[in-house]
Amino acid sequence: ARSRTMSRFMTMSPLKKVCSAARAWCLPTSIINIVFALIGASGYIAPRHMQAIKATGNVLVAAVDPDDSVGLIDSPVPDAPFFAESDSFDRHIDKLIRAKKGEALDYMSICSPNYLHDSLMRFSLRTGSDSIYEKPLVRNSWNMDGLLDIGRDTGRKVNTIMQVRVLPSIIA
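Basis of the calculations
Residues numbered from 1 in each chain as written. Predicted model: local features only at pLDDT ≥ 70, side-chain atom pairs only at ≥ 80, totals over all residues. Heavy atoms only, no water. Helix = DSSP H or I, 4+ residues; strand = E, 2+ residues; numbered from the N terminus. Buried < 20%, exposed > 50% of the residue type's maximum accessible area, 1.4 Å probe, protein only. Pairing = 2+ DSSP bridges. Contact = heavy atoms within 4.5 Å. Axes fitted to C-alpha atoms, helices over the stretch in contact; angles between N-to-C directions. Arc of directions from axis to C-beta.

Draft legend 1. Structural view of the environment of F89. Summarising the element assignment, F89 is placed in helix 3 (residues 86-99). When its relative accessible area of 3% is taken as the criterion, F89 is described as buried. Sequence spacing of F89 and A62 is 27 residues, and the spatial spacing of their C-alpha atoms is 7.4 Å.

This is the structure we're talking about:
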């Protein structure tokens, strides 16, 4: 069963399929040590993102959320720095980018309220990382032009994942 499941992942985008056994987003096992940052650590879906990052052998280098009493980050990824203020998170990401000469992050996982998706995706693209978020992409269609321009300028992508919490196989 594992090889059949993994072959499906190899033919499609690895971040768009659900591994129903682990109930987390899965990546092919051949992809390792992907570096993530997470925005919205106290969000509903954030613990699943953190568990998936850990379960797939990847690295969470920073997380941010204005609610610093969450405690959710401590169990799946206790070594990841947590920030309660976005400016401290921004400085930390900038420090990582400078230390790694622009290649510090592969993905920024955005687990924030919908109205923040647009600005956080722009932040992600500007830091040189692809972004992962649940729909909706933007609240207003005219905001798409800016995202497309930044994506073209940086060569990075925005990855939409479906909301798995409504799938019968996940709810069961």
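Draft legend 2. Quick peek at the sheet that holds strand 7 (residues 130-134). Strand order in the open sheet formed by six strands is 5-4-3-6-7-8, with parallel pairing between adjacent strands. The sheet is open, and its two edges are formed by strand 5 (82-83) and strand 8 (158-161), each paired on a single side. Note: strand 3 (residues 35-39) against strand 4 (residues 59-64), five bridges, orientation parallel. If you follow I39 over to strand 4, its bridge partner there is V64. Sitting on the sheet, helix 2 (residues 46-55) touches strand 3, strand 4, strand 6 (107-110), strand 7 and strand 8, and the angle it makes with strand 3 is about 170°.

Draft legend 3. Spatial organisation of helix 5 (residues 144-154). Of all the positions in helix 5, only G146, L147, I150 and G151 are classed as buried. Buried residues along helix 5 cover an arc of 135° about the axis, so they all sit on one side. Facing away from the buried side of helix 5, by more than 90 degrees, are the exposed residues D145, R152 and D153. The secondary structure elements touched by the buried residues of helix 5 are helix 4 (117-126). Just past helix 5, the residue G155 takes up positive phi, approximately 75°.

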